[in-house]
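Single-letter residue listing:
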Amino acid sequence: MTTAPRPGGASRRTAIPATPPTLTVRVRTATLGPPLRLGLDAVALRSGIHPDLVRRFVALGLVDAARDATGRLWFDPSAPVALARIQRLRAALPLNYASLGLVVDLLDRISELEDALRRSNAGSRSDESWI
């Protein structure tokens, strides 16, 4: 509080309002869903495969990846699952990686045909839905 002089020489106390404290607000954004793409290191870490082997799978066409302007590889979030599938097939079948591409394509096609068959038989009451 300070004193301000009055016209008659007497002083009067006036209150100077205190300045409110400054408040700093930081707004952080967070993604609520899975990432839209994964880098090479993230895919290699999640799948437990060396990054060079992941690059080899991309070159063989076993896993889809996109390259950005700098040449870095970017993968779909489902890439570690696809890589694990390839590793399981490699361990179970005595085939090289190039041949596994054909096996993966055939298995995907069989899965699509089975799904289509299930959808077409969904309305039928037959016990022989496998035909």
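From a predicted model like this one, the values you see are computed outputs, not experimental measurements.

K.L.:
Sorry, what's going on with the overall build of the chain here?
P.N.:
Scanning the chain from N- to C-terminus turns up four helices and five strands. For the chain, the succession of helices and strands along the chain, N to C, is β-β-β-α-α-β-β-α-α. Across the chain, contacts joining residues at least 24 apart in sequence account for 38% of those joining residues at least 6 apart. Total accessible area on the chain is roughly 10700 Å²; 56% of this is exposed by carbon and sulfur atoms.

K.L.:
Got a minute to help me understand the packing of aromatic side chains in this structure?
P.N.:
We describe a pair of aromatic rings using the distance from one ring centre to the other and the angle between the two ring planes. Following the criterion strictly, the structure yields one aromatic pair and no others. Ring centres 4.8 Å apart and planes at 65° place the aromatic pair Phe 57 and Tyr 97 in the edge-to-face group. Within this pair, whereas Phe 57 is found in helix H2 (residues 51–60), its partner Tyr 97 is found in helix H4 (residues 97–120), the two being separated by 40 residues in sequence. Pair check on accessibility: Phe 57 and Tyr 97 agree, each one buried. Lying across the ring of Trp 74, Arg 37 places its NZ or CZ 4.0 Å from the centre. Above the plane of the ring of Tyr 97 lies Arg 90, whose end atom (NZ or CZ) is 5.0 Å from the centre.

K.L.:
Even after reading the chapter, I still don't get the pattern of salt bridges, so can you show me in this structure?
P.N.:
Where charged atoms from two side chains of opposite charge approach closely, those side chains can pair. Scanning the model with the defined rule gives five salt bridges in all. One salt bridge connects Arg 85 with Asp 108, and the closest N-O pair in it is separated by 2.7 Å. With Arg 85 in helix H3 (residues 79–92) and Asp 108 in helix H4, the pair connects residues that are 23 residues apart, well separated along the chain. On the basis of relative accessibility, which here comes to 26%, the residue Arg 85 falls in the partly exposed class. The residue Arg 118 makes a salt bridge to Glu 114 at a minimum N-O spacing of 4.0 Å. With Arg 118 and Glu 114 both in helix H4 and four residues apart, the pair spans about one turn of that helix. Judged by its relative accessible area of 54%, Arg 118 falls in the exposed class. What emerges from the salt-bridge pattern is a single network uniting Glu 114, Asp 115 and Arg 118.

K.L.:
Hey, could you run me through the packing of H3 against H4 in this one?
P.N.:
Helix packing for two helices is described by the angle between their axes and how far apart those axes are. H4 packs onto H3 with a crossing angle of 115° between their chain directions and a minimal axis gap of 10 Å. In terms of orientation, H3 lies roughly perpendicular with respect to H4. The handedness of the crossing between H3 and H4 is right-handed. Across from Arg 85, Ile 86, Gln 87, Leu 89 and Arg 90 in H3, the residues of H4 making contact are Tyr 97, Leu 100, Val 103, Val 104, Leu 107 and Asp 108. Classifying every residue of the contact of H3 with H4 gives seven nonpolar, one polar and three charged.

K.L.:
Looking at this structure, how should I read the sheet that holds strand S3 (residues 38–39)?
P.N.:
Strands pair in a sheet through their backbones, by hydrogen bonds, and they do so in one of two ways: parallel or antiparallel. With respect to topology, three strands assemble into an open sheet ordered S3-S5-S4, the strand pairing being antiparallel. Unpaired on one side and paired on the other, S3 and strand S4 (65–67) mark the two borders of the sheet.

K.L.:
What is the right way to look at the nonpolar core in this model?
P.N.:
A general trend in soluble globular proteins is that nonpolar side chains are found buried together. Within the largest apolar cluster, 20 residues are counted, with the highest numbers of intra-cluster contacts made by Val 43, Val 54, Phe 57, Val 63, Phe 75, Leu 83 and Ile 86. Contributions of two or more residues to this core are made by helix H1 (40–47), H2, strand S5 (73–75), H3 and H4. Those residues in contact with Phe 75 that sit more than four places away from it in its chain are Leu 36, Arg 37, Leu 38, Gly 39, Leu 40, Val 43, Val 54, Val 58, Val 63, Asp 64 and Ala 65.

Rules and cut-offs
Residues numbered from 1 in each chain as written. Predicted model: local features only at pLDDT ≥ 70, side-chain atom pairs only at ≥ 80, totals over all residues. Heavy atoms only, no water. Helix = DSSP H or I, 4+ residues; strand = E, 2+ residues; numbered from the N terminus. Contact = heavy atoms within 4.5 Å. Areas by Shrake-Rupley, 256 points an atom, 1.4 Å probe, with all protein chains shown as cover. Phe/Tyr/Trp six-rings, centres within 6.5 Å; stacked < 30°, edge-to-face > 60°. Buried < 20%, exposed > 50% of the residue type's maximum accessible area, 1.4 Å probe, protein only. Lys NZ or Arg CZ within 6 Å of the ring centre and 35° of its normal. Salt bridge = Lys/Arg side-chain N within 4 Å of Asp/Glu carboxyl O. Axes fitted to C-alpha atoms, helices over the stretch in contact; angles between N-to-C directions. Parallel < 35°, antiparallel > 145°, perpendicular 65-115°, else oblique. Left-handed = near helix turned anticlockwise from the far one by under 90°. Nonpolar A, V, L, I, M, F, W, Y, C, P; charged D, E, K, R; others polar. Pairing = 2+ DSSP bridges. Core = buried A, V, L, I, M, F, W, Y, C linked by side-chain atoms within 4.5 Å.

Function cannot be read off these values alone, since they describe shape.
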